[in-house]
Each structure stands twice: as C-alpha cells, then as structure tokens.
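Residue strings, one per chain:
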Amino acid sequence: MNVLLVCECREGNLRDESYELIAFAERLGASRAFVLVGGEDAVPRAEGTLYLADGARGGEYNPELHKRIVLAAAEREDPDCIVFIHSSYGWDLAPRVAAALGAAQVSEVVAVAGDGTFEVGCCNAKLRRTVAPMTSRTVVTIQAGAFAPSGLPHGVPTVVRLDLADDSPRIEFVGYEAAEKKGVDLGKAEIIVSAGRGVGKKENVAVIADLARALGGELGASRPVVDAGWVDHGHQVGTTGQVVSPRLYVACGISGAIQHVAGMKKADFVVAINTDRDAPIGEVADILVVADVMQFVPALTARMMQ
Amino acid sequence: MKILVCIKQVPDMESRFRVSGAGDWFEEGDLAFRMNEYDEYAVEQAVRLKEQLGDLPEITVLSIGPDRVGEAIRKALAMGCDRGVHLQDPEASRKDPWQIASLIAAFARDQGFDLVFTGMQSQDRGSAQVGIMVAELLGYPCVSTIVGFAYDNGVITVRRELEGGTRGVVKLGMPAVVTCQLGLNVPRYPTLPNIMKAKKKEILPLATAGLSGEERRAVTLRLHRPEKRGGGVVMEGEVNDMAERLVGILKQKAVVPR
C-alpha cells in the first residue's frame, strides 16, 4: 500500500499535526510520500519523497491551487490513499481532491482495521461508524490526536519541486486575523470550571462562576456557550479556543464534542457533570456525576465553602 | 440574485441512540428531529443578505430525505426563505456525501444560483464534505467554515475559522458556495406571523430517482457504540450526597486544598 501524506503549513511553519500523518501511514504499514505547499523552512523531518510547492507564490489559502498541487503529486505517486489531517486545511481540501479523482472520501478517521475499513465518529462521538470505501483509491482525513507519533521525528526527505501557479485565482486571501487576546490565560490556570450548553441560559453561568471562585479557579466555557454570547471568547476551551492543562477540570453540562475534548484532555483530573450518562465527556472524565448541573453545582459550591 | 440554502434534518444529539436492526444506522422511530445546527446559521445568513439587499434575492431552501424533513424546510421558510424544494428520498441516510452532493448539484445546475449557503457539516455524520463537493460539481469557488460574512457590490468577504482562534480573511466573487460554522451569526426564532406565512409558501416535491445516477463511493457497514475506555467513576444518586462524596475525593487526591 502506498499513501500520499498532505502536510500543512501555517504562516510559514509546518504544523506539528503533520507528524500524525506519518503515524497513520505506519499503522497501515504503507510506503509513503509527502506533499507540502510551503517554504524550505517548513519541510518535515522525515524520510521519503516530498513534493514541495512554493507557498509564498501560491498563497497559504488558495484551495484551488493547493488541490492542483496535491493532484500533481498524486499523479506521480499513484497512491492508494491520500491522507489529510481533519483540520481547517484538510477538511477544506480533501473533498476537492476526492471529487477530482472520483475517489471515496472518509472523514475524521479515528482508527483503521486490517480489512481496509475505517472507524469514524457519529452523532457527537456517541456512536461510531465502520466505513468501507468502494473505490480503489481513497481520500482520508484523520482526527487530530487520534494517531500519536511513535517517536521523535527524524530524517531528511528527498525534495521534488512542483512549480505550479494560479494565474487567475477566484479566491483572494487577504490575510490572517489573530485571536482576541483579552480575557483570561486559561493555559496557566490550575483549576478550570467550564460551562457548557447544559447550563441552560446565560443567567445560569453565574452559578458555574461561583463554583470556579469557590475552588480558586477560572471560568471556562464550551463553544456553544461562547457562540450564544453567554461568555466571552477569551474563556473558550477547545481547538478553536484555548488548549488547557489544569490540575482539575470541571465540565458542567458539556457533552464532550471532539473539539472541546481536544482542548482539555491534558487535564490531570476531570470531573464531568451531565444528565446524560452516555455523554462522550464521560470517556475522558475521572468522575462523571450524573445530575442536573443547576442542582448539583450549587450543592458542590456550598460544600466547598463549608 | 438567486440564493440556495441546503439544509439537513438530524436527530437531537442529546437523544439516546439505538442501533437499527440492519446494524448500519440508528433507529429513527423514537428520535426527535430538528434542523442541523450548522444549517441554521446558513439559513440566517441568507436571510440577512436578503434583508440587506432590500428583499431582492430569492432564497430557495433545499433538503433531501423522507417526509419528515418537510418540517425543517418549513422552519427555514418561517425564518425567511421564499420557497422550499424537497428532494424526496426515504433512503437518504444510506447515501454517501458524494451522492448527496451530486443530487444537490443536479438540481442546482440549471437554476443559476449566485450563492449557495450550507452548514459546514452535519451533526450526525460530520463529514464536512457535501457543501464543498457541491461547489466542485457546479464549478463554483468555495470557502468553508466561515464565521464572518459581508456582501458589497458583488464581492463577498468572509472570515474562515482556523485553529486556535485565528481567522483567515478571504474575498471572492459570485457565483460561490460558502459553508457556515457555528457562531457566524445568531439564528432567529421564527415569529408566529412568519410561521403562519410559511404555511402558504411553496414546497416543491421532487423525486430523486433519475436526478443523479451516481453510485456510492463509501458505505457504512456497521454502526456501534465506541468501546468504553473505562477507568472513570460514575456517580449517581442524591445531589447533596454526591457533592459530599466528590469533595471528599478531590481533597483525598489533593486536587483541591484540604
């Protein structure tokens, strides 16, 4: 089996998740080649052929050009499988490549089986699907963090340059906007108590904040709570918010969407409070308290204050 | 201007799911269905654009599925879409993203839509493929995962959500497809008068047979629960009792000060 791994570059730097692609290829026992749109400085430490296209010339977000570059590398390598990280880069590009090749696409793979089937999450990670591609060539995106690299990256790839340009881009990349830095630095917090959709309404967030204060910690929040405007974005925990590693993480009314779990799974000790015994947050919790957040949290705060 | 919004009806994610007898999907009979949350943002953005342009655009909302998806279409009409299209397909859940995208593209191809809004993914499958594949099939440029949208004189400026809170700012012309991320706007609740008005709006039923003959490229063999990694303690019982036990454990493990 032969796989083409599509590495990622952001603002001139290789994204670390690119090494998870190698771990995935190793899991398949596949021979591999790489493709990267980026600069010389972003070349991954790995052995194998690397098709390198100049990122400065193409622009970091020019999906139509990036698609053509991946297709050009695929034409030379004739891979059985083209692999992306399920990231804002990968999930955007993979369907374009799959459509162009007439290939099956399987998104956000969390595991592979020996028979060539893939495991993917379903319904907020409550369920899993076993998916079989029906085409000879497959495009896959892998869940970030699902395939951990086995060791430190090493090696120097053989670079093959691909010189492509987009003469009439239909999409103009204007630039990046950094995240707002106001709010708390949850990355340094020892204790975080986070509010999720299960708190019910904006007024109830104060109850969660009370517990955070009683524990001497900071208030965190899941994405829906931030999107609803109940809490500022500065408090958001998850892949699109802050990645945290506190001593104690208390998830209040948070179901455990993959993006949230990815942001808090490094916590030493996790307490989850949820009415749903099957909520995916239970998978990463040291203690799952099956209860209504608005009944349990005030009781817990009162206990802590005694 | 002609706008298409593609929506999907999905089960409430808080539901208790049971695997169906065939073993490849969930039992639908005992579930409550609603509009896919990402698609609510897509509908809202289309309606806001219509309001910005003084009611000029016509918004078509499309959904594929069994009879029940008519409810989701009706909600979109009550939010401000003008007409509905229901691609009738009781077997839609067995179709892969490529087939779904092909059906949408087959419908849209000759309609001259200037803008297509979709959610960035569905809450049940979460493949994040359909919107982008529709764009590829129609030959439209596409930006996915938008959390900001502005229209000015034929030019669209969108903000794409990237990791860590960073956003990419992108401009593009029309026709185009954009896929919408949570937080793009605040979807409105339909008002009672608008719910009443929506009852009078047209929902065009179309059979999917013959619309697109694309074969599926991937198949779900099995649906199952993830294996429990275990290790965690589950507490159930009276609230004050559990609070006392939890504080005891946290203090014992020195997670909080004694």
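What you are looking at is a predicted structure, and each value in this text was computed from that prediction instead of being measured.

Cut-offs and rules
- Residues numbered from 1 in each chain as written.
- Chains lettered and ligands numbered in written order.
- Predicted model: local features only at pLDDT ≥ 70, side-chain atom pairs only at ≥ 80, totals over all residues.
- Heavy atoms only, no water.
- Pairing = 2+ DSSP bridges.
- Helix = DSSP H or I, 4+ residues; strand = E, 2+ residues; numbered from the N terminus.
- Axes fitted to C-alpha atoms, helices over the stretch in contact; angles between N-to-C directions.
- Contact = heavy atoms within 4.5 Å.
- Buried area = accessible area lost by both parts, 1.4 Å probe.
- Salt bridge = Lys/Arg side-chain N within 4 Å of Asp/Glu carboxyl O.
- Polar contact = N/O pair within 3.5 Å; in protein donor to acceptor, adjacent residues only side chain to side chain.
- Nonpolar A, V, L, I, M, F, W, Y, C, P; charged D, E, K, R; others polar.
- Buried < 20%, exposed > 50% of the residue type's maximum accessible area, 1.4 Å probe, protein only.

**Notes on the sheet that holds strand β14 (residues 218-221) of chain A**
Adjacent strands of a sheet pair through backbone hydrogen bonds, lying either parallel or antiparallel.
Next up, step 1: Taken in spatial order, the 6 strands line up as β14(A)-β13(A)-β15(A)-β16(A)-β17(A)-β13(B) in an open sheet, and their pairing is parallel. The open sheet has two edge strands with one neighbour each: β14 of chain A together with β13 (233-235) of chain B. Neighbour-to-neighbour, the strand axes of this sheet turn through a mean angle of 20°, independent of strand direction.
Next up, step 2: Here 3 bridges tie strand β17 (residues 287-290) of chain A to β13(B), and the two strands are oriented parallel to one another. Bridging across to β13(B), A:Ile287 finds its partner in B:Val233.

**Some details on the interface of chain B and chain A**
Next up, step 1: At the junction of the two partners, chain B supplies 79 residues and chain A supplies 79 residues.
Next up, step 2: Taking both sides of the interface into account, the surface hidden between chain B and chain A amounts to around 7000 Å²; carbon and sulfur atoms contribute 55%.
Next up, step 3: If you look at where chain B meets chain A, you find 11 salt bridges.
Next up, step 4: A salt bridge links A:Arg10 to B:Glu163; its shortest N-O distance comes to 2.8 Å.
Next up, step 5: Inspection of the chain B/chain A interface yields 40 residue pairs in polar contact (both at pLDDT 80 or more).
Next up, step 6: For the side of chain B that touches chain A, the secondary structure elements donating two or more residues are α1 (37-52), α4 (130-138), β7 (142-152), β8 (155-161), β9 (167-172), β12 (218-224), β13 and α6 (239-252) of chain B.
Next up, step 7: Among the elements that take part in the side of chain B that touches chain A, α6(B) stands out by supplying 9 residues, more than any other.
Next up, step 8: Residues that form the side of chain B that touches chain A fall into these classes: 38 nonpolar, 19 polar and 22 charged.
Next up, step 9: As paired strands, strand β12 (residues 171-177) of chain A and β9(B) are joined by 6 bridges and run antiparallel to one another. Bridge pairing in β9(B) places A:Gly175 opposite B:Val169.

**Looking at the side chain of B:Ser122**
Next up, step 1: Take B:Ser122: it is sitting in the loop between β6 (115-119) and α4.
Next up, step 2: Its relative accessible area of 12% is what places B:Ser122 among the buried residues.

**A closer look at the environment of A:Cys81**
All names here are of chain A.
Next up, step 1: Locating Cys-81 in the fold gives a position in strand β6 (residues 81-85).
Next up, step 2: A residue is classified by how much of its surface remains accessible, and Cys-81, at 1% relative accessible area, is buried.
Next up, step 3: It is 5.7 Å that separates the C-alpha atoms of Cys-81 and Arg-137, two residues lying 56 residues apart in sequence.
Next up, step 4: Other than its neighbours up to four places away in sequence, Cys-81 contacts Met-1, Asn-2, Val-3, Leu-4, Thr-138 and Val-140.

**Observations regarding the sheet that holds β6(B)**
Next up, step 1: Strands sit in the order β12(A)-β9(B)-β8(B)-β7(B)-β10(B)-β6(B)-β1(B)-β4(B)-β5(B)-β11(B) across an open sheet of 10 strands; the sheet is mixed. The open sheet has two free edges, formed respectively by β12 of chain A together with β11 (203-207) of chain B, since each of these has just one partner strand. Taking the axes of each pair of neighbouring strands and ignoring which way they run, one obtains an average angle of 30° across the sheet.
Next up, step 2: In terms of strand pairing, strand β5 (residues 83-88) of chain B meets β11(B) through 5 bridges, oriented parallel. Its bridge partner being in β11(B), B:Gln88 is matched across the sheet by B:Ala207.

**Quick word on the pairing of strand β10 (residues 138-142) of chain A**
Residue and element names in this part refer to chain A.
Next up, step 1: For β10, the buried fraction is high: 5 of the 5 residues fall into the buried class.
Next up, step 2: Side-chain alternation along β10 places Thr-138, Val-140 and Ile-142 on one buried face and Val-139 and Thr-141 on a second face that is also buried.
Next up, step 3: Pairing analysis gives 5 bridges linking β6 to β10, with the strands arranged parallel. Counted as the bridge partner of Phe-84 is Thr-141 from β10.
Next up, step 4: Across 4 bridges, strand β7 (residues 104-112) lies against β10 in parallel orientation. By the bridge assignment for β10, Val-106 is matched with Val-140.

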